Amino acid sequence: MIHLVEIGCYVNATSSSTHTVGMGLKGFVLAAGPQATTWMTLRVVATDGSGAWMEGLVAWTDAAGFALSVKATGGSGTHTGWRLAAGTLRFSNEEYDDSSAPGPFEPVITPEGYAQGSVSLHGDGKSFGAADVEKGLVKVINAGLRDHLRRYAYFGRLARELIVTDSDADYSTATVVRTGTVEQPVVSKEDVLFRWRGKLSDLDSRWQGSTFPGGTGAGMSTDGADGLKNLPRPRLRGYRPQIEPVPTNVTGDLRQISDKRIHGVENGRNRGAAITVGVKCNTLQQLKDSAPTSGTFNWYDGSGGDGAWCKTTFGSQGGVFTLAAWEGATATDRTLAQVWRRVLIEDCGYTDSDISGPDVVALDTACPWEAGIWAGTSEKTKRDALNDLCDGVAGYHDDDLGVWRITFDGATAGAPVLTFRELVDDDEDAPLGHVPYVDLELVASNDESRGLPVCAVDVQFAPRDRKLDGGDLAGDSTSATDPVGGADMRTQLSSEYLTETWPAAGKDQTIIDLWGERRLTVKTSLRYRADAQALAQRLFAIHSVLRDRFSLTSFLNEETLAARPGACVAARSSRYGLSAGMTLRVNGRELDGQSMKLDLMEVAV
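Here's a quick rundown of the structure. (Residues numbered from 1 in each chain as written. Predicted model: local features only at pLDDT ≥ 70, side-chain atom pairs only at ≥ 80, totals over all residues. Heavy atoms only, no water.)

1. Describing helix H3 (residues 357-366)
Looking at H3, one finds that the buried residues are Asp 359, Val 360, Leu 363, Asp 364 and Ala 366. Taken around the axis of H3, the buried residues stretch over an arc of 165°, which confines them to a single face. Counted as exposed and oriented over 90 degrees from the buried face of H3: Pro 358, Val 361 and Thr 365. Along its buried surface, H3 packs onto helix H2 (336-347), strand E24 (394-398), strand E25 (404-408) and helix H6 (529-543). (Buried < 20%, exposed > 50% of the residue type's maximum accessible area, 1.4 Å probe, protein only. Helix = DSSP H or I, 4+ residues; strand = E, 2+ residues; numbered from the N terminus. Arc of directions from axis to C-beta. Contact = heavy atoms within 4.5 Å.)

Written out as structure tokens, the structure is:
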């Protein structure tokens, strides 16, 4: 195997050479900035604002400048100044310069300097959660020759690690080990260390898109008084049953629901008393000018791009005001999968091509349940928002190919993508798709954090966004859809969640007699009791049986790369009762040089 690494960068040097846009070899005298690197792909852009550019391979460099073998162009004309813009560096651990490749790969990766990092989807062995951040690493030999690389800008540029079988392999056959975005390199006399990270790291910025500027809070101010200055504006995705809109003026009768458009409101309450939905205004100004009738509140959906708001007849001193609100025109727009997709696209800047469409469809089929997330003035990161949305139901992660994936924890196991087997002599008779493993270890089969069966599953649902006074009652006993209605009408709001349990009787005594009493409590953002019950029932079927957990070490190659987190594999061994083989789910993977270590959990049937 030959490891290839492609790293994007921005050179940002300038040249005052005069050139006409066109193909062929062109020499550039360096005017300012870092030098180019031999064999890198480089785009030079005219500095006169015309938009003209040329791109190709850097054929050679010296202290004075470089020569560019132009392979592609944009625009036309003769230009007297150029900026060295986007570049791609290529490194390998062995010689690889096949003509099918986009350029030669410099064989300077150190023996220990590639394929390091790890990713884990279900570290507790019980349920999905957000994946760990996978970090890549590549170390190239420097000997002082590559000090200039530290002057390039790398942050946010794409990096890829690939594998080809040998030096004659066509580039189209290269298998991607993983992708990521680059951070700055660390340069020493001996080597240059590049680090990059998966997309999950990009979710650590604030989810709410804007902050309150603060002010006097007079009149119908939407800026908020000084107490709100620099605090995030609220944001809603999906359905939330009891949120507390943020008062933005001194009197507290104008309140912001979300900084994005919403599609509906209901179930207004003030100290337990119902506040009826009043007039829906067409603009924010119309809402400000309106006068709600007694016992009602007016609202505006934010369709003008200025956020969703409501107006009450009483101020913030008149008691805590809550309402139910939703974003997403229909119930099918408010499923967990659709809300997750919308957050990634509309709040995080990704596109449909960055998201696994089949995963969204499959999750909608398995979990056609309404869910939602809301954040007030307490800052929430994008990762926090997605974690709150998905917790207990589904796991999401960015896969090695840079695509966002999401999977239901109770999904039926798929067919194994490959089978790991003991190496017996040369093992020449092994069936296609069977690969040898280096080491297999049974980690645990009755450890509480890894495989012990549960006697009951408790699913928390209908989340409230803050605890209120004990005198404030939740629920509407006359509503068939109020998630905290009916028997829960007198549930105190000091209880943030309602709980649905399976088995309906409370717990499975048979499991308790064998293994002791252990319950699995799952926090969700689901709307309805029936959905919580369905989830509890499915999770009980999965987690009420004993499952084995293994650690398997294998070589990293084109075949074993199929064992990506979330996939199913099979293991055959003369030990641990695996002679006939067992289907296992890849919970996590750790890469170290040319080997990989898998965290495997037996798939529950």
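2. Quick notes on the nonpolar core
Leu 203, Leu 336, Trp 340, Leu 344, Tyr 396, Trp 404 and Val 457 are the most contacted members of the largest nonpolar core, which has 48 residues in total. A per-element tally of this core places H2 first, with 6 residues. The residues contacting Trp 404, other than those within four sequence positions of it, are Lys 199, Leu 200, Leu 203, Trp 340, Leu 344, Tyr 350, Asp 354, Ile 355, Ser 356, Tyr 396, His 397 and Asp 398. One finds Val 11, Ala 13, Ile 109 and Val 138 within the second-largest nonpolar core, a separate group that totals 36 residues. (Core = buried A, V, L, I, M, F, W, Y, C linked by side-chain atoms within 4.5 Å.)

3. Notes on H6
Spanning 15 residues, H6 covers 21 Å between terminal C-alpha atoms, matching the ideal 21 Å at 1.5 Å per step. Buried within H6 are the following residues: Asp 531, Ala 532, Leu 535, Ala 536, Leu 539, Phe 540, Ile 542 and His 543. All buried residues of H6 lie within an arc of 170° about the axis, which places them on one face of the element. (Expected span 1.5 Å × (residues − 1).)

4. Some details on the packing of aromatic side chains
Taken as a whole and assessed by the stated rule, the structure comprises 14 aromatic pairs. Geometrically, the ring pair formed by Phe 28 and Trp 82 is edge-to-face, given 6.3 Å between the ring centres and 90° between the ring planes. Separated by 54 residues along the polypeptide, Phe 28 in strand E3 (residues 24-32) and Trp 82 in strand E8 (residues 82-92) bring together distant segments of the chain. On the basis of relative accessible area, Trp 82 is assigned to the buried category, the value being 0%. When the ring of Phe 314 is compared with that of Phe 321, the centres are 5.8 Å apart and the planes differ by 75°; the resulting orientation is edge-to-face. A relative accessible area of 0% places Phe 321 in the buried class. Members of the aromatic cluster, connected to one another through ring pairs, are Phe 91, Tyr 152, Tyr 154 and Phe 194. When the ring centre of Trp 53 is taken as origin, the NZ or CZ atom of Arg 43, which lies over that ring, is 3.6 Å away. Just above the ring of Tyr 239 sits the side chain of Arg 527; from NZ or CZ to the centre is 3.5 Å. (Phe/Tyr/Trp six-rings, centres within 6.5 Å; stacked < 30°, edge-to-face > 60°. Lys NZ or Arg CZ within 6 Å of the ring centre and 35° of its normal.)

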